[in-house]
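# Working through the structure, step by step
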Amino acid sequence: MTELVVNNVQKWLGGLQILKGASFTASRGAIVALLGASGSGKTTLLRCIAGLEQPEFGYIRIGDKVALDSDKKIALAPEQRNIGLVFQSYALWPHRTVKENVGYGLKLRGVNAADAGVKVQTILDRMGLGHLADRYPSQLSGGQQQRVAICRALVYEPRVLLLDEPLSNLDAKLREEARYWIRKLILDLEICAILVTHDQTEALAAADHILLLKDGRIVQEGPPHDIYSNPNSFYAADFLGANNVARGNLTTLDGTRATIGGEGWSLDGTARELQGLAPAASAQAVIRVEQISVSDSPGPHRIEMQLDDSLYLGDRWEYRLRRGSFNVKAHGTRKLSPGAVWCEFPPESVWVFPASSQA
Ligand SMILES: Nc1ncnc2c1ncn2[C@@H]1O[C@H](COP(=O)(O)OP(=O)(O)OP(=O)(O)O)[C@@H](O)[C@H]1O
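Residues numbered from 1 in each chain as written. Predicted model: local features only at pLDDT ≥ 70, side-chain atom pairs only at ≥ 80, totals over all residues. Heavy atoms only, no water.

As annotated in an unreviewed UniProt entry, the protein carries the name Iron(III) transport system ATP-binding protein and comes from Ancylobacter amanitiformis. In its Sequence similarities (unreviewed entry) section, the UniProt entry covering the protein states "Belongs to the ABC transporter superfamily." (UniProt positions renumbered as here; feature names shortened; annotations may be inferred.)

This brings us to the sheet that holds strand E3 (residues 30–36). Strand order across the open sheet formed by six strands is E7-E8-E9-E3-E10-E11, with mixed pairing between neighbours. With one partner strand each, in any of the chains shown, strand E7 (83–86) and strand E11 (217–222) form the two edges of the open sheet. Ignoring strand direction, the axes of neighbouring strands in this sheet form an average angle of 20°. Across five bridges, the pairing between E3 and strand E10 (residues 209–214) is parallel. Bridge pairing in E10 links Leu34 to Leu211. Taken strand by strand, helix H4 (residues 142–154) contacts E7 and strand E8 (160–164), and its axis lies near 165° from that of E7. In the packing of helix H5 (residues 172–189) onto the sheet, the strands contacted are E3, E8 and strand E9 (192–197), and the crossing angle to E3 comes to about 135°. (Pairing = 2+ DSSP bridges. Helix = DSSP H or I, 4+ residues; strand = E, 2+ residues; numbered from the N terminus. Axes fitted to C-alpha atoms, helices over the stretch in contact; angles between N-to-C directions. Contact = heavy atoms within 4.5 Å.)

Moving on, we get to the sheet that holds strand E12 (residues 243–254). Ordered by their spatial adjacency, five strands build a closed barrel running E12-E13-E14-E21-E15, and the pairing between neighbours is mixed. Strand after strand, the sheet turns through a mean of 55° between neighbouring axes, direction not considered. As paired elements, strand E14 (residues 265–271) and strand E21 (residues 351–354) share two bridges and run parallel to each other. Paired with Thr270 across the two strands is Trp351, which belongs to E21.

On to the packing of aromatic side chains. Throughout the structure, instances matching the rule amount to seven aromatic pairs. Here Trp12 and Phe57 contribute two aromatic rings whose centre-to-centre distance is 6.2 Å and whose plane-to-plane angle is 65°, an arrangement assigned as edge-to-face. Residue Trp12 is located in strand E1 (residues 2–13), and its partner Phe57 is located in strand E4 (residues 57–62); the two are separated by 45 residues in the primary sequence. Residue Phe57 is classed as partly exposed on the basis of its relative accessible area of 43%. Relative to Phe345, the ring of Phe326 lies with its centre 5.7 Å away and its plane at 40°, an arrangement referred to as tilted. (Phe/Tyr/Trp six-rings, centres within 6.5 Å; stacked < 30°, edge-to-face > 60°. Buried < 20%, exposed > 50% of the residue type's maximum accessible area, 1.4 Å probe, protein only.)

Here it is in structure tokens:
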């Protein structure tokens, strides 16, 4: 069931148009990630949904309530929107205990103390924090503080949970765990969550649907696997994954088959956004690091390259390879000695874009 409708939201800040017509929908029991480069407008869009910013144009419906309708001059205040908000900083009050932090909003909304107490204890117990109810934030670990912030957002039983970089203050191990339990929690509670992140791994792992933003516009959306494996622009291809970018010229173009080449190298690839381009035009190819394999013999779609070094990454080795002006990173399971090797580039994984390709 659709819980959130965002339609043509446009927002100006400091005389600049920051959001240029964002539209999407989100359903119950699903996590939508807003992903994009720094400054692409993720936080501004989240703040518009929360009611912390008022867009000049647009329509937003949360559950069955119209929260924004610029035509009808409707703009509900944040507390009327039935949303829960979790910030990167957690924003807990240091001089209030855990249960006071979680219950404060209920008190403001006029919920009587007995009912509020039950709601607070229920959500704290659910999150494994019941025994910490009387502690102050400074007496908790970072991970526990983050859970308190999430309890505080969930205690209102919101229709939509808005999470702004909620994991970025946690160390790498905790972040991986938190990504998993937040996802489980949202699916169990069957609420709708919007997650702002600049971390592609977090978006790919935690979300059901990704909205990729660039300069205030949603330039691609879809399930994580689709966005990762079928990017529709150079920006989307290069933003996700660990990539090699090869810059050269288009040497042949035949339907979806394209060849890109530079000084002393040439790769068969798949044409992306190349309509109207002629051979010799400047081009760039994106190749995911994991798609390249290194071997000691020639074969189809293999080119000979010089291996300069093997770097140990713990779970794998990274190979640094070059041929003329073409530098490449690839991964493998063993250390290789410097020298000549053969690298295989499957054409379906060499995505060729025009050199000045924009989203
Ligand atoms: N109050 C403001 N006045 C003017 N410009 C602003 C204001 N707030 C944000 N901006 C600009 O709007 C753009 C989008 O900012 P926003 O914080 O939404 O991006 P973001 O994608 O969340 O970035 P980050 O990942 O760095 O947090 C940026 O260029 C930013 O400088």
